[in-house]
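Fold and contact review
Each chain, letter by letter, is given below.
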Amino acid sequence: WHAPQASLTLLRDAKGIRGDLSLDLDIGGKTASVEAELGYDTAVRAIELGLTFANVDPAALAAKGKALAPLVALRMPVGGTLTASLDIDGRISSLGFDLAGGPGRLHLPKIYDKDVAVDTITVRGRFEDNLERVILDDATIDLGGPRLSLTARGVRVGDDLTLQGEAVLREMPMNALNLRGPKALAPNTRDWVIDHISEGTLDEARVVFATRIPGTNFGAAVLESVAGTMRFSGVSVDYLPPMPKAEAVAGRASFTDKRFDLALTAGTLDGLTLDQGRVNITGLDVEDQDAEVEVVMRGSLANLLRVVDHEPLGAAGYLGIAPDSVAGEMAGRVMFRFPLLKDLAMAQVKLSAAANLRGVGLKGVALGRDLTDGDLSLKLNKAGMEVTGKIKLDGIPAQLSTTEKFGGGSGEMRSRHILKARVNDADLARLGFPVKPYLTGSVGVDLIYTVLGAARGDISIAADLTEATLDLGGLGWSKPRGAAGTARFSLTLADGRATRLREFALTAKGFEAAG
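What comes next is a walk through the structure. These figures come from a predicted structure and were not determined experimentally. (Residues numbered from 1 in each chain as written. Predicted model: local features only at pLDDT ≥ 70, side-chain atom pairs only at ≥ 80, totals over all residues. Heavy atoms only, no water.)

1. So, empty space enclosed by the protein
Per the stated rule, a full pass over the model turns up one cavity of 30 Å³ or more. Considering only enclosed or pocket space, the largest cavity measures out at about 50 Å³ in volume. As for the largest cavity, its lining consists of Val237, Tyr239, Ala246, Leu264, Leu274, Val279, Val293 and Val295. Broken down by secondary-structure element, the contributors of at least two residues to the lining of the largest cavity are strand E19 (272-282) and strand E20 (290-300). (1 Å grid on protein atoms, 1.4 Å probe; cavity = no way out; pocket = protein on both sides within 12 Å on 5 of 7 lines; lining within 4 Å. Points joined across faces, edges and corners; volume = space filled by probe spheres on them. Helix = DSSP H or I, 4+ residues; strand = E, 2+ residues; numbered from the N terminus.)

This is the structure:
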């Protein structure tokens, strides 16, 4: 650099020496203005310096010496003041700085993929004890709305400078993270956040850190510890594409150098209300990371079936249930576990779910009759599903237990439905089984319906006839109500029709038949 114009004034008085310096400094073809004041007190052998400057290009200064190399990150004009106190031997008791820069860019290739555009930067702090200690009172970066503030304290230990500080980022749009997300921090996690979290606002992120800088080589800084918290709102989470996104999500997060944890407090999922949830990402300190996602939600059963009917699950289609044919409400919990991979396969995803279902209704579920008033519990994973609880079938109260197996060969069981109910002769007639005058009263029924592959099935029925009256007049036999009696029979099904009566048995006092 050189100074095409300079003015220096020195005055000596009873206390010592006073001076003023004014110059225009040409640095890399850009002119910066510099004003300086000097004072030397002979009584205490101390020097006081004050320097004011404007329009300095830090990146141009970076090539002028190794100690100035970190300035290459500042691609913007900078101005401000420097103040220094030192003794005649050159020991610096304090060096203060109050700087401002912008607009421009931050060039941090080891941290960010692209330069970060900034409106303004302000930095205020001081060095003490002959530059052995540094105190950063405040550094604020205005990113055109979002603001990043930083405070730190450091001390030199041997040749290294150790820093401890806190950074606070406020009002950052989540869609801007694809430009400003640090790439050096667990790349798989960073990529997952960029690809799967969008919209909304990062209301606040607060990070506490400790770092060690060898000598003056800021580029070789080692992050020794990091921890922080976040608050966010209005966010979309694409947790398992191509399933529907969770939207309008609000919550908070915490993180260390080993894990990243989100606690979700509100949101929606394709018509369902998300009451709470969590996303836990572990292994940030190793090469591969794993994620666990859990959400608690409520809403209509039809909307739940629409969600699980999306690929890669397709559960509603597998069950043969149209979401619009279902009534009722649900409250449940769903959990996914998977590795953080760009090309994630469904085989790598672990899934489990549990829900309580109330007021369940399903049209034409059996014998063309409707299921109503279901009060059920559901458990589901990738292997299958279990549903248990109380229902009404065509108005008849019953206890239901259903097991569904997903996948399997043509000869394996696909589903099993166990129904326990007490029906009377009027119920049976309404279902298409007129039994009068041979049977009157009520019968306890245990029915097991098994669906096999290749459109095959099996029905087994056991009936308790104790509360029924039987009258087989043509055979000269009857059974009064209260007398013990049982009946059993089994049917083989093909394509939904009975093809064979495998066995039957009727047993009561004075009568026994089987075949």
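2. Quick look at the packing of aromatic side chains
Considering all chains together, one arrives at three aromatic pairs under this definition. Ring geometry for phenylalanine 97 and phenylalanine 127: centres 5.8 Å apart, planes at 50 degrees, overall tilted. One end of the pair, phenylalanine 97, is in strand E7 (residues 92-101); the other, phenylalanine 127, is in strand E10 (residues 120-128), and 30 residues separate them in sequence. Among the residues examined, phenylalanine 97 registers a relative accessible area of 13% and is labelled buried. (Phe/Tyr/Trp six-rings, centres within 6.5 Å; stacked < 30°, edge-to-face > 60°. Buried < 20%, exposed > 50% of the residue type's maximum accessible area, 1.4 Å probe, protein only.)

3. Observations regarding the pairing of strand E1 (residues 2-12)
The two faces of the sheet receive side chains in turn, since in a regular strand these alternate between them. With zero of eleven residues buried, E1 lies mostly on the surface of the structure. With nine bridges joining them, E1 and strand E2 (residues 16-27) adopt antiparallel strand pairing. Bridge pairing in E2 links leucine 8 to leucine 21. Hairpin connection of E1 to E2: three residues between the antiparallel strands. (Pairing = 2+ DSSP bridges.)

4. Regarding the environment of serine 377
Here serine 377 lies in strand E23 (residues 369-381). In this structure serine 377 comes out as partly exposed when scored by relative accessible area, which is 34%. Spatially, the C-alpha atom of serine 377 lies 5.4 Å from that of threonine 388, the residues being eleven residues apart in sequence. Every residue in contact with serine 377, bar those within four places of it in the chain, is listed here: Ala355, Asn356, Glu386, Val387 and Thr388. (Contact = heavy atoms within 4.5 Å.)

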